[in-house]
Amino acid sequence: MSAGLNSERDVNPSQPTTEKTLADFDPVKKPKGNKFAIACATLASMASILLGYDIGVMSGAKDYIQIDLKLSDTQVGLLVGTLNWYSLVGSAAAGVTSDWIGRRYTIVVAGALFFAGALLMGFSTNYAFLMVARFVAGIGVGFALMIAPVYTTEVSPASTRGFLASFPEVFINAGILIGYVSNYAFSKLPPNLGWRIMLGVGAIPSVFLALVVIGMPESPRWLVMQGRLGDARKVLDKTSDTKEESQQRLSGIKEAAGIPQDCNDDVVRVQKKSHGEGVWKELFIHPTRPVRHILLCGIGIHFFQQASGIDAVVLYSTNIFEKAGITSSNDKLLATVAVGFTKTVFILVATFLLDRIGRRPLLLSSVGGMVLSLATLGFGLTIIDHSREKLPWAIALSIAMVLAFVAFFSIGMGPIAGVYCTEIFPLRLRAQGTGMGVAVNRVTSGVISTTFIMLYKAISIGGAFFLFAGIATVAWVFFFACFPETRGRTLEDMEVLFGNFIKRRSALKDEQKEEEVHGGNDGQIQMGTKA
């Protein structure tokens, strides 16, 4: 950036230095949030509420299902955890479907599948029927998990991409809270009726989701890939902060799609590749160094997000609170509502920090807090487990650490996984790369949620959280070593950050120092926002 500025000065020595500096850099005053882009991101992110509701409602419903259907702990673990495995089918299919019929209609498919699954779960008569219903709902969840962050990221301007791309995680947390409230609201009904209503009402948000898609435009990047430049230009004009940014975004997408820059017709012919053909080869068989680094980061953040135990805490919060000394069913459900409320509040805080603080410092701070809270929770639960009398301080400590853990998770690790993964993959690889990240996320979540009961019975409840604390520690080291900052970069400008990260970090620091020297007198230069 600085080199480009110096060369301009050499060519035009008579031009005032101050005016040239301001022309080359972003203005101090940030543009106001684009209302149309915010509306699109909000509507698309509502798809994520499907997963959140299922996680939250199953946390309480599983206890009533176990009583009504007389299930073993292993059957309960399979019932809770296998939805994550089923969602793999959906996330894999969504990568192909989103390139085939578009991002928008893929959201409709997600809503329709979850609607069918929720109704089937509500009318289930036995365990086998319920597992089939979970399979259908799981496919819908997989579709929603993959497509919501992809669409939101592609429609967002660079200035607020972190804010808007965190919306899917916001709605997951909102869904969890609604699920917890549903548990509490229907807990007074007979066990054979209460859990069916808890699960069945999940069909309501999926109907609303399918309806709101009518008001959403298609992703501009998908439109360009179809050769519909005129339609893409209209969407970009509405979702960009300025006309110049709209033109810059369109130019970058055209370059990534292999369309000549001088081609400005409303409809152009593009080279028809099979939807997704060659992508897997480029991702896994012959990846370039930047793509290999991107893939490592995309898969790694999704793995560690779930391996650090968030779904164990959310899905089995009633079991954890019972182990901590809360025996009343009503009190346990109220405590889970507190968990859902805490997650929702802190994810809202995170949305306003992503574009101010940046991804990297927020992620490292979040994971550091998770390590501390998990280790302290393990300590508190171990003390309770080995004590013959009730210890109020240990109970209070354990409850506080559960809330602290979900707070630290929600302020960084939770939203950044979706934001980071969708923005770092190049356009040609984004749908499949994001789908792969979601697949790893769901596999890891499935292993944790399916085996958590067996795990804490084998190594104690405190030991399980010491294990999660150790995994989170490894995650912090991995993020520190491998993750560059992406705040302010355009989506088409991401690959330059990857491939040789150690040298790149040094280059960015040198670039930043040079900018401080040239712009230090007026203090009006924003650094690191352009390639």
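- Per an unreviewed UniProt entry, the protein goes by the name Major facilitator superfamily (MFS) profile domain-containing protein and belongs to Populus tomentosa.
- What the UniProt record of the protein gives under Subcellular location (unreviewed entry) is the line "Membrane".
- Database annotation for the protein, UniProt heading Sequence similarities (unreviewed entry): "Belongs to the major facilitator superfamily. Sugar transporter (TC 2.A.1.1) family."

Some thoughts on the overall build of the protein
So, point 1. Of regular secondary structure, the protein possesses 24 helices and 0 strands.
So, point 2. When the 531 residues of the protein are sorted by exposure, 56% land in the buried category.
So, point 3. Look at the contacts in the protein between residues 6 or more apart in sequence, and 81% of them connect residues 24 or more apart.
So, point 4. Here the protein has roughly 21600 Å² of accessible surface; of this, 65% comes from carbon and sulfur atoms.

Regarding the side chain of Thr152
So, point 1. Relative to the assigned elements, Thr152 resides in helix H7 (residues 127–155).
So, point 2. Ignoring sequence-local partners within four residues, the contact set of Thr152 consists of Ala41, Ala44, Ser45, Leu164, Ala165 and Pro168.

Topic: the nonpolar core
So, point 1. Counting 124 residues, the largest nonpolar core has Ile65, Leu199, Phe452, Phe465, Phe479 and Phe483 as the members making the most contacts within it.
So, point 2. Residues Leu236, Leu250, Ile259 and Val268 belong to the second largest nonpolar core, which totals 13 residues.

Concerning the packing of helix H19 (residues 329–357) against helix H21 (residues 392–424)
So, point 1. It is at 8 Å that the axes of H19 and H21 come closest, and there the two elements cross at 45°. With respect to their mutual orientation, H19 and H21 come out oblique. Taken as a pair, H19 and H21 cross one another with a handedness that is right-handed. Contacts between H19 and H21 pair Ala338, Val339, Thr342, Lys343, Phe346, Ile347, Val349, Ala350, Leu353 and Leu354 from the former with Val402, Leu403, Val406, Ala407, Phe409, Ser410, Ile411, Pro415, Ile416 and Val419 from the latter.
So, point 2. In the contact of H19 with H21, the residues fall into 17 nonpolar, 2 polar and 1 charged.

Observations concerning the confidence of the model for the protein
So, point 1. On average, the protein scores 80 in pLDDT, and the residues at 70 or more come to 85%.
So, point 2. Considering each helix and strand of the protein separately, the mean pLDDT is smallest for helix H1 (residues 2–11), with a value of 42, and largest for helix H23 (residues 461–482), with 93.
So, point 3. Counting contacts from residues 518–531, a segment whose pLDDT is below 50, to residues more than four positions away or on other chains yields 35 contacts.

Digging into the pattern of salt bridges
So, point 1. Taken as a whole, this structure holds 10 salt bridges when the rule is applied.
So, point 2. When the shortest N-O distance is used, the salt bridge between Asp73 and Lys457 registers 2.4 Å. Of this pair, Asp73 sits in helix H5 (residues 73–100) while Lys457 sits in helix H22 (residues 430–459); the two residues are 384 residues apart in sequence, bridging distant segments of the chain.
So, point 3. Here Arg103 and Glu154 are joined by a salt bridge, their closest N and O atoms 2.9 Å apart. Residue Arg103 is found in helix H6 (residues 103–122), and its partner Glu154 is found in helix H7; the two are separated by 51 residues along the sequence. Considered together, Arg103 and Glu154 belong to a single accessibility category, that of buried residues.
So, point 4. Each of Asp99, Arg103 and Glu154 takes part in one network of salt bridges that share partners.

Brief notes about the environment of Val89
So, point 1. With respect to the element layout, Val89 can be found in helix H5.
So, point 2. Expressed as a C-alpha distance, the spacing of Val89 and Val136, which sit 47 residues apart in the sequence, is 9.9 Å.

Quick look at the environment of Phe284
So, point 1. Following the sequence through the fold, Phe284 ends up in helix H15 (residues 279–285).
So, point 2. Taking the C-alpha atoms as reference points, Phe284 and Leu295, 11 residues apart in sequence, are found 8.7 Å from one another.
So, point 3. If we ignore the near neighbours within four places in the chain, the residues touching Phe284 are Leu295 and Met436.

Thoughts on the packing of aromatic side chains
So, point 1. Evaluated as defined, the whole model comprises 14 aromatic pairs.
So, point 2. Between Trp476 and Phe480, the ring centres sit 5.4 Å apart and the planes meet at 5°, which makes this aromatic pair stacked. Taken together, the positions of Trp476 and Phe480, both in helix H23 and 4 residues apart, correspond to about one turn of that helix.
So, point 3. Among the aromatic side chains, those forming a connected cluster through ring pairs are Phe303, Phe304, Tyr420, Phe478, Phe479 and Phe483.
So, point 4. Lys188 extends its terminal NZ or CZ atom over the ring of Tyr184, reaching a point 5.0 Å from the ring centre.
So, point 5. A cation over an aromatic ring shows up here: Arg360 above the ring of Phe480, its NZ or CZ 5.1 Å from the ring centre.

Topic: helix H3 (residues 35–45)
The periodicity of an α-helix, 3.6 residues per turn, causes residues three or four places apart in sequence to face the same way.
So, point 1. Within the span of H3, buried status applies to Ala37, Cys40, Ala41, Ala44 and Ser45. End-on, the buried residues of H3 take up no more than an arc of 120°, which puts them together on one face.
So, point 2. Turning to H3, the residues buried within the fold contact helix H4 (49–69), H6, H7, helix H8 (161–165), helix H9 (167–186) and helix H13 (229–239).

Regarding unusual backbone geometry
So, point 1. A positive phi angle, near 55°, is found at Lys70, a position not held by glycine.
So, point 2. Owing to a relative accessible area of 70%, Lys70 belongs among the exposed residues under this scheme.
So, point 3. The phi dihedral of Ser460 is positive, around 85°, even though this residue is not glycine.
So, point 4. The class of Ser460 is partly exposed, set by a relative accessible area of 24%.

Brief notes about the side chain of Ser45
So, point 1. Position of Ser45 relative to the elements: it lies in helix H3.
So, point 2. Relative accessible area serves as the criterion here: at 0%, Ser45 is assigned to the buried category.
So, point 3. In terms of polar contacts, Ser45 uses its side chain to reach the backbone carbonyl oxygen of Ala41, at 2.6 Å.
So, point 4. When residues no more than four places from it in sequence are discounted, the contact partners of Ser45 are Ala148, Thr152, Phe167, Pro168 and Phe171.

Overview of the state of the cysteines
Cysteine pairs can be linked by a disulfide, which is a covalent bond between their two sulfur atoms.
So, point 1. By the definition in use, this model includes 0 disulfides.
So, point 2. Of all cysteine sulfurs, the one in Cys482 lies closest to Cys297, which takes part in no disulfide; the gap is 5.7 Å.
So, point 3. With relative accessibility at 0%, the residue Cys297 sits in the buried group.
So, point 4. Among the residues examined, Cys482 registers a relative accessible area of 17% and is labelled buried.

The rules behind each value
Residues numbered from 1 in each chain as written. Predicted model: local features only at pLDDT ≥ 70, side-chain atom pairs only at ≥ 80, totals over all residues. Heavy atoms only, no water. UniProt positions renumbered as here; feature names shortened; annotations may be inferred. Helix = DSSP H or I, 4+ residues; strand = E, 2+ residues; numbered from the N terminus. Buried < 20%, exposed > 50% of the residue type's maximum accessible area, 1.4 Å probe, protein only. Contact = heavy atoms within 4.5 Å. Areas by Shrake-Rupley, 256 points an atom, 1.4 Å probe, with all protein chains shown as cover. Core = buried A, V, L, I, M, F, W, Y, C linked by side-chain atoms within 4.5 Å. Axes fitted to C-alpha atoms, helices over the stretch in contact; angles between N-to-C directions. Parallel < 35°, antiparallel > 145°, perpendicular 65-115°, else oblique. Left-handed = near helix turned anticlockwise from the far one by under 90°. Nonpolar A, V, L, I, M, F, W, Y, C, P; charged D, E, K, R; others polar. pLDDT = per-residue confidence, 0-100. Salt bridge = Lys/Arg side-chain N within 4 Å of Asp/Glu carboxyl O. Phe/Tyr/Trp six-rings, centres within 6.5 Å; stacked < 30°, edge-to-face > 60°. Lys NZ or Arg CZ within 6 Å of the ring centre and 35° of its normal. Arc of directions from axis to C-beta. Polar contact = N/O pair within 3.5 Å; in protein donor to acceptor, adjacent residues only side chain to side chain. Disulfide = S-S within 2.5 Å.

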